[in-house]
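One-letter residues, chain by chain:
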Amino acid sequence: MTDDAPASDPPASPACPAGKGASGSRLRALLPDLSPWRASADFRRLWVSGLITNFGSFLTLVALPVQMKELTGSAAAVGAIGAVELVPLIVFGLYGGALADAVDKRKLIVYTEAGQGLLCAGLLVNALLPEPAVWPLYAVAAFSSALGAVQRPALDSLVPRIVPHEHLPAAAALGALRWTVGGVTAPALAGVVVAYAGLGWAYAVDLVTFAVSVALIVPLAAAPAAHETARPSLRSIAEGARYAWSRKELLGTYAVDLAAMFFAMPLAVLPFLADELDAEWSLGLMYAALPAGSLLMSLTSGWTSRVHRHGRMVVLAAAGWGLAVVAAGAVHNVWLVLLFLTVGGCFDMISGIFRGAIWNQTIPDELRGRLAGIELLSYSVGPQLGQVRAGGTAALVGVRTSVWSGGLICTGAVALLALCLPKLMAYDVRTDEHAERHRTRRAETAGTSSGIAGTAPAP
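Remember, predicted model here, so these are calculated numbers, not experimental data.

Basis of the calculations
Residues numbered from 1 in each chain as written. Predicted model: local features only at pLDDT ≥ 70, side-chain atom pairs only at ≥ 80, totals over all residues. Heavy atoms only, no water. Helix = DSSP H or I, 4+ residues; strand = E, 2+ residues; numbered from the N terminus. Buried < 20%, exposed > 50% of the residue type's maximum accessible area, 1.4 Å probe, protein only. Contact = heavy atoms within 4.5 Å. Areas by Shrake-Rupley, 256 points an atom, 1.4 Å probe, with all protein chains shown as cover. Core = buried A, V, L, I, M, F, W, Y, C linked by side-chain atoms within 4.5 Å. Phe/Tyr/Trp six-rings, centres within 6.5 Å; stacked < 30°, edge-to-face > 60°. Lys NZ or Arg CZ within 6 Å of the ring centre and 35° of its normal. pLDDT = per-residue confidence, 0-100. Salt bridge = Lys/Arg side-chain N within 4 Å of Asp/Glu carboxyl O. Lys, Arg positive; Asp, Glu negative; His and termini not counted. Patch = residues over 30% accessible without salt bridge, like charges linked within 9 Å, V, L, I, M, F, W, Y side chains within 5 Å. Polar contact = N/O pair within 3.5 Å; in protein donor to acceptor, adjacent residues only side chain to side chain.

Which parts of the structure should I look at to understand the overall build of the chain?
Helix and strand counts for the chain come out as 18 helices and zero strands. By residue count, 52% of the 459 residues in the chain fall in the buried class. The long-range fraction of contacts in the chain, counting pairs at least 24 apart against all pairs at least 6 apart in sequence, stands at 87%. Per element, the accessible surface of the chain, about 20,000 Å² overall, is 69% carbon and sulfur.

Here's what the structure looks like:
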């Protein structure tokens, strides 16, 4: 199908009865919208690169806490990985957002991706030592957090530049699909690799994926800073923070996700939960269950493009996530645990799609990087602190109580935030003034580019 193919369904032919045609149309309406993929070659490169590197990163996501558990036997030590990642995430996330607004985003993405590969090589070397040390795990976690915090705002702020405005919700869904494909396959594979081949193989595969990813993103078109963007400084960071504070619906998306991830993210205690259920074999499946749910939702995300009350969906999905975690902590059957973790992944993905749609469809280009830095804190600081909370609570009151109590508090916190931030619940992309302004600016930019192209002499 060509890029300019008609978006509407063709009329039913005599050979295709109306009932079957309607059924096929409904099925296509559920499938992911591929418009961003067809419209932008740079989006395709970025998507494939992210798919490959995410696969490797999920291998390390499983291998690192497993290695820490083997070396220390402590749930608190595993949870402390989140603690050492927190400060670099906060500092470099905010600075990375300002940097993404002031420099070429493509160069920033390439350099940080290469740096992540070098850190992965460090983990590999340590794993191959006769007696691996604990401190390199914490050191690599901290430096990797810093590089990721610098890179992510550049990635997030690049997407609205290379994808048409009307396709941004679909781009968010496709980005989520990319993440979940690696999230489902890699943890399940990591459990097998770590158990039968060793930790070194997981780190080695991750290193290879970083090398391939760098080769894919080097050909991206340059993405220089907007001419009106300030140089990175505390003042420019503060400017972005003031804008975020003035937009209560944006503030609501950050607060809801922060609460959901801080109170209900169970990743740090999954190795211990698998032990308690006498199902050590299920650890890889537990890590894969959350992204499996996200993948299921991504594959049926076509309906999200027809929803306009994005803020309401963020709140409802975050509350559903909390309730799913409550159920996962309360049941005693490992298969039910996996089921409820999968349901939680579905709700988490719904929340992520609609948060991304609000961000990308309303924030001005000259502030996009700095606001992406704040967004990074909202969806990354929460899980990091959540690891500390989950590990510490498990050490005090037990693993299962740590899981279900966190989900319960999450649900209550989300309900309270919905009451305190009515603008989030009232947000409608069709009528929001910021979304309308963003649409107008993109249309004017497209019209200007078309006009310039139209004045060129005919060949």
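How do you make sense of the nonpolar core when you look at a structure like this?
Nonpolar side chains in soluble globular proteins tend to be buried together. One finds Y203, M286, W321 and L341 to be the most contacted residues of the largest nonpolar core, which totals 73 residues. It is helix α14 (residues 334-362) that provides the largest number of residues to this core, a total of nine residues. In this view, Y203 contacts T60, A63, L64, Q67, C120, L123, L124 and A127; residues no more than four positions away in its chain are not counted. Ranked by size, the runner-up nonpolar core spans 23 residues in total, among them A100, I109, V110 and I162.

Where do I start with the packing of aromatic side chains in this structure?
We describe a pair of aromatic rings using the distance from one ring centre to the other and the angle between the two ring planes. Applying the stated criterion across every chain, the model contains five aromatic pairs. Between W37 and W47 the ring centres are 5.3 Å apart and the planes differ by 85°, which places this aromatic pair in the edge-to-face class. Of the two residues, W37 is situated in helix α2 (residues 35-39) and W47 in helix α3 (residues 41-72); the sequence distance between them amounts to ten residues. For the cation-ring pair, K248 lies above W245, with the distance from its terminal atom to the ring centre recorded as 4.0 Å.

Would you take a moment to explain the confidence of the model for the chain for this structure?
Do not read the predicted coordinates in detail wherever pLDDT is low. Looking at the chain as a whole, its pLDDT mean stands at 81, while 88% of the residues score no less than 70. Looking at the elements of the chain, mean pLDDT is at its lowest for helix α1 (residues 18-30), recorded as 54, and at its highest for helix α13 (residues 310-330), recorded as 94. Counting contacts from residues 1-19, a segment whose pLDDT is below 50, to residues more than four positions away or on other chains yields five contacts. Here residues 449-459 is a poorly scored stretch, pLDDT under 50, and it has zero contacts once near neighbours within four places are set aside; other chains count.

What am I meant to see in the environment of G320 here?
With respect to the helices and strands, the residue G320 is situated in helix α13. Taking the C-alpha atoms as reference points, G320 and D348, 28 residues apart in sequence, are found 8.3 Å from one another.

Looking at this structure, I do not really get the pattern of salt bridges. What am I missing?
Opposite charge on two side chains permits them to pair, given that their charged atoms come into close proximity. Taken as a whole and assessed by the stated rule, the structure comprises nine salt bridges. For the salt bridge of R370 with D101, the shortest nitrogen-to-oxygen distance reads 2.9 Å. On the criterion of sequence distance, the pair formed by R370 in helix α15 (residues 368-397) and D101 in helix α4 (residues 75-102) is long-range, its members being 269 residues apart. Of the two residues, R370 and D101, both sit in the buried class. The buried category is assigned to R370, whose relative accessible area is 6%.

Just to check I follow, could you spell out the side chain of D432 for this structure?
Locating D432 in the fold gives a position in the loop between α17 (422-426) and α18 (433-454). It is R247 that comes nearest to the buried, bridge-free D432 among opposite-charge side chains, at 4.6 Å. Those residues in contact with D432 that sit more than four places away from it in its chain are E249, T362 and Y427.

Is there a simple way to explain the environment of P291 in this structure?
Among the structural elements, P291 can be located in helix α12 (residues 283-299). Given a relative accessible area of 3%, P291 falls into the buried group. Note: C-alpha distance between P291 and G344 (53 residues apart in sequence) is 9.2 Å.

Mind showing me how you'd approach a nonpolar patch on the surface here?
Judged by side-chain polarity, V87, I90, V91, F92 and Y95 come together as a nonpolar surface patch covering roughly 430 Å² of accessible area. Inspection of the secondary structure assignment puts I90 in helix α4.

What should I look at first to understand unusual backbone geometry in this one?
Excluding glycine, most residues fall at negative phi; most peptide bonds, likewise, are trans. Of note in this structure, D278 is not a glycine but carries a positive phi near 55°. Relative to the elements of secondary structure, D278 occurs in the loop between α11 (270-276) and α12. Since its relative accessible area comes to 62%, D278 is described here as exposed.

Please clarify how the side chain of R106 should be interpreted in this entry.
Mapped onto the elements, R106 comes out in helix α5 (residues 105-128). No salt bridge forms around the buried R106; measuring N to O, its nearest opposite-charge neighbour D104 is 5.2 Å away. At 3.0 Å, the side chain of R106 forms a polar contact with the backbone oxygen of L220. Not counting chain neighbours up to four residues away, the residues in contact with R106 comprise I217, V218, L220, A221, A222 and A223.

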